[in-house]
Amino acid sequence: MKMKSPTIPLCFFFLFSVSAPLFEAFNNGDGEFISEEKEEPHIKRSDFPPGFLFGVATSAYQVEGAYLEDAKSLSNWDVYCHSIGCGENSENGDIADDHYHLFMKDIEMVHSLGLKAYKFSISWARILPRGRFGEVNPAGIMFYNKIIDNLILKGIEPFVTLFHNDYPHELEEIYGSGSWLNPEMQKDFVHLAEICFKFFGDRVKYWITINEPNVFIELSYEFGLFPPSRCSKPFGNCNVVNSDVEPLIAMHNMLLAHGKVAKLYHETFKPKQGGLIGLVVHCYMYKPLTDSELDHEAAKRVFAFNVGWTLDPSIYGDYPEEMHKYLGSILPSFSLEEKKFMKNSIDFIGINHYSTIYAKDCINASCTPFANRAIRGFVDIVGERDGMLIGEPTGVEGIFVVPRGMEEIVNHMKIRYNNKPMFITENGYSSPNVHEERINEILSDVKRIEFHSKYLASLAKSIRSLHRHSSDLTHLAVHSIHCTFSPPFLDLAGPAKQLLTTVDSLSSQNRPENRSQSSSSQNRPENRSQSSSIEASVGRRPTQRNPLQSRFPSLTPLLAPATSIAEFQVSKILKGLDSRLPSVYWVGFIFCYLGNDFCKSLLWRVTYSYNYQFLVLDFETEIPRLMQRA
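No experiment lies behind these values; they were computed from the predicted model shown.

Draft legend 1. Fine view of the overall build of the protein chain. Scanning the protein chain for helices and strands turns up 18 helices and 18 strands. Expressed as a percentage of its 630 residues, the buried residues of the protein chain come to 64%. Intrachain contacts of the protein chain at a sequence separation of at least 6 include 78% that bridge at least 24 residues.

Draft legend 2. Region of interest: the sheet that holds strand β9 (residues 379-382). With mixed pairing, three strands are arranged side by side in an open sheet as β6-β8-β9. In the strand order of this sheet, the two ends are held by β6 (285-288) and β9, each with one partner. Mean inter-strand twist for the sheet, computed between neighbouring axes without regard to direction, equals 40°. Note that strand β8 (residues 356-361) and β9 share four bridges and pair antiparallel. Within β9, the residue paired with K360 across the bridge is D380. Its contacts with the sheet place helix α10 (residues 293-315) against β6, β8 and β9, and it is angled at close to 115° to β8.

Draft legend 3. Structural view of the packing of helix α7 (residues 184-200) against helix α9 (residues 246-273). Contact geometry for α7 and α9: axes closest at 9 Å, N-to-C directions at 25°. In terms of orientation, α7 and α9 fall into the roughly parallel class. As α7 packs across α9, the resulting crossing turns out to be right-handed. Side by side, α7 and α9 meet where Q186, F189, V190, A193, E194, F197 and K198 of the first sit next to N253, L256, A257, H258, K260, V261, L264, Y265, F269 and Q273 of the second. Residue composition of the contact of α7 with α9, by class: ten nonpolar, four polar and three charged.

Draft legend 4. Up close: the packing of α10 against helix α13 (residues 404-416). Two elements in contact, α10 and α13, have axes separated by 13 Å at closest approach and are oriented at 55°. Comparing their axes, α13 and α10 come out oblique. As α10 packs across α13, the resulting crossing turns out to be right-handed. Contacts between α10 and α13 involve F303, A304, V307, G308, L311 and D312 from the former and I409, H412, M413 and R416 from the latter. Taken together, the residues of the contact of α10 with α13 break down into six nonpolar, two polar and two charged.

Draft legend 5. View of unusual backbone geometry. For the bond from P227 to P228, the omega torsion is 15°, close enough to zero to count as cis. Structurally, P228 is set in the loop between α8 (213-222) and α9. Cis geometry marks the peptide bond from K233 to P234, where omega comes out at 10°. Structurally, the position occupied by P234 is in the loop between α8 and α9. Positive phi, normally seen in glycine, also occurs at A66, with a value near 45°. Along the chain, A66 falls in the loop between α1 (60-63) and α2 (76-83). Overall, A66 belongs to the buried group, its relative accessible area being 4%. Not every positive phi belongs to a glycine, and D386 is a case in point at roughly 50°. Look at D386 and you get exposed, because its relative accessible area is 75%.

Draft legend 6. Structural detail: the state of the cysteines. For the structure shown, the criterion picks out three disulfides. The side chain of C231 participates in a disulfide bridge whose partner is C238; the two sulfur atoms lie 1.9 Å from each other. Taking the torsion about the S-S bond as the criterion, the C231 to C238 disulfide, at about 95°, is right-handed. Linked covalently through their sulfurs, C362 and C367 form a disulfide whose S-S length is 2.1 Å. Judged by the sign of its S-S torsion, about -100°, the cystine formed by C362 and C367 is left-handed. Residue C362 shares its accessibility class with C367, and that shared class is buried.

Draft legend 7. The arrangement of α7 in detail. Taking 1.5 Å per residue as the helical rise, α7 with its 17 residues ought to reach 24 Å, and the 25 Å between its terminal C-alpha atoms agrees with that figure. Of the residues making up α7, those classed as buried are M185, Q186, D188, F189, L192, A193, I195, C196, F197 and F200.

Draft legend 8. Focus on the nonpolar core. Counting 131 residues, the largest nonpolar core has W124, W180, F189, F197, W207, L311 and M413 as its most contacted members. In terms of residue count, the dominant contributor to this core is α9 (twelve residues). When near neighbours in sequence (up to four residues on either side) are disregarded, F197 contacts L162, W207, V261, L264, Y265, F269, Q273 and I277. With eight residues, the next largest nonpolar core counts L53, I208, F348 and F423 among its residues.

Draft legend 9. Focus on the packing of aromatic side chains. According to the stated counting rule, one finds 39 aromatic pairs in the structure shown. Each ring, one from F197 and one from W207, has its centre 5.0 Å from the other, and the planes form 80°; the classification is edge-to-face. Pair noted here: F197 is in helix α7 and W207 is in strand β4 (residues 206-211), with a separation of ten residues, a long-range link. The pair F197 / W207 is uniform in exposure class, with both members buried.

Draft legend 10. Just the pairing of β4, in detail. Along β4, six of the six residues are buried, which leaves the element largely enclosed by surrounding structure. Where strand β3 (residues 157-163) meets β4, four bridges bridge the pair, whose relative direction is parallel. Within β4, the position partnered with V160 by the bridge is W207. Pairing between β4 and strand β5 (residues 276-282): four bridges, direction parallel. For Y206, the partnering residue across the bridge sits in β5 and is L276.

Draft legend 11. Summary view of the environment of Y286. Tracing the sequence through the fold places Y286 in strand β6. The buried category is assigned to Y286, whose relative accessible area is 9%. In this structure the C-alpha to C-alpha distance between Y286 and I409, which are 123 residues apart in sequence, comes to 8.6 Å. Dropping the residues within four chain positions of it, Y286 is found in contact with A299, V302, F303, N306, I357 and I381.

Draft legend 12. Here's a closer look at the environment of H324. Relative to the helices and strands, H324 resides in helix α11 (residues 321-327). Among all residues touching H324, those that are not within four sequence positions of it are D318, Y319 and L331.

Draft legend 13. Expanded view of the pattern of salt bridges. Per the stated rule, a full pass over the model turns up 26 salt bridges. The salt bridge involving R230 is made with E246; its shortest N-O contact spans 2.7 Å. One end of the pair, R230, is in the loop between α8 and α9; the other, E246, is in helix α9, and 16 residues separate them in sequence. The pair formed by R230 and E246 is uniform in burial state, with each residue classed as buried. The partner of K300 in a salt bridge is E297, with the nearest N and O atoms 3.9 Å apart.

About the criteria used
- Residues numbered from 1 in each chain as written.
- Predicted model: local features only at pLDDT ≥ 70, side-chain atom pairs only at ≥ 80, totals over all residues.
- Heavy atoms only, no water.
- Helix = DSSP H or I, 4+ residues; strand = E, 2+ residues; numbered from the N terminus.
- Buried < 20%, exposed > 50% of the residue type's maximum accessible area, 1.4 Å probe, protein only.
- Contact = heavy atoms within 4.5 Å.
- Pairing = 2+ DSSP bridges.
- Axes fitted to C-alpha atoms, helices over the stretch in contact; angles between N-to-C directions.
- Parallel < 35°, antiparallel > 145°, perpendicular 65-115°, else oblique.
- Left-handed = near helix turned anticlockwise from the far one by under 90°.
- Nonpolar A, V, L, I, M, F, W, Y, C, P; charged D, E, K, R; others polar.
- Disulfide = S-S within 2.5 Å.
- Expected span 1.5 Å × (residues − 1).
- Core = buried A, V, L, I, M, F, W, Y, C linked by side-chain atoms within 4.5 Å.
- Phe/Tyr/Trp six-rings, centres within 6.5 Å; stacked < 30°, edge-to-face > 60°.
- Salt bridge = Lys/Arg side-chain N within 4 Å of Asp/Glu carboxyl O.

In structure tokens form, the structure reads like this:
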């Protein structure tokens, strides 16, 4: 199966310390695929080292909401989702999970699950509304101080990401639509980092400069699916400049910005604060499509053009040899001084891993037009070999269930990067299209239990191997604890609506006819500033003129009243005990559901996203031991 592009899921839940019945792989009528372990991996907390941290992760735009509250300015994503719509119904992150108002409940939820780590990102536009051209926003600093303080109070380690794809829109007004194409963005990023280190560094011990720069650059400057939507044919139909060159320039500026921030932290802040700084990369595990030497080389090459593109400069001080060989002079170069501060600029590697994929050589074989290009390393990635899918499909194109890939990617990174400490910072499962005959399977969350049982078993196996070789992998966080707002290219609105329709036919409960009334207003403060907030209960923006309109008159249409977005709400907890596995309790199925009729039983409220998910939590019978707080 050929894929248009490596689509990366941004909204997932996770299964902690799980053990559950596993079922043989099946294909739902969509074709055969390779079935992996059929025997149940009996995973428990003790399979992981005592110091291993289980955690969850979010990103600012996907969860915070309050998009113009308390002096926050418009971000690049605010403008993007309002101008073209981030979904078939023009959904956006104006409210998202309303984490800005409900963060205390969210932190308590993380704490109640016995988790020890929480990875979140800073909204650049919330603390520096005008970047380095304006003042620090005290309300933004206060918000993140409250999050950090309350996490630490609950014994939860904060992992703070400085850049997770969003920045102040004013920087686009200053630098143009391709902000990261301008080297001046490096100065802005260093300024952001310095502010964060000063205000939060006394308590934050784990810093992530940039989340998945390889994915951000690919989707923003190559395929045009993220703002600023720059691409050229055959990658997309944006008709903007050159997708063969711009990604290289934008990534170069982003990596230099990372290197300068790391240098600042190591020289100025780390001696007193004692923290660590790292970079997070999305990692497929690439396998050769055939046993030919050409495809084996293609697998190495595509790894270099994706993972190595991000990490090699940050560890070895330069781009991979494969990139120099095939890109030549169009690949930007680091000066001797830059190589010096780029080398070993990270203390740890963050790995976001979901799937394994096949790599096909395009130098000596026919490939898709966008794959047979230097920017892609002359490699195509495919999910099918000899009529067999590499693994069970998920709800996201290009993502398959291949548990062995978790062990393989960790072991591969260990060798390539000389035992650099590693964190698994994202992993998760997206349900495929839901059919009525499969509703019981969905309600029981069978496939997600199976997914995480196998992936955790694979990870535990790798950790045992790593410890024998004195390597370090001590943390696992997944994106996300919420149903987060996700971008349109995931194309999960269909599955979500199918599930809603199916559940509706099986439920005796009546939902509100008007989705705009599904947002529970009692969950939000009564005394919001009307000059900078939306009317939360119906998802409207303020009708009076916003101060930002005078600065960005071209954006006035974006601040007009708009249709609200639908919200899913938690409806109930189903408790049970698997009699065949007496050492494990099924603590609950957290079911995101639509409608105010269920408000009385809410555990927390989440906002409509395309990925309609469940969260299943399993704990050993020694619950008091597992629930102990640091």
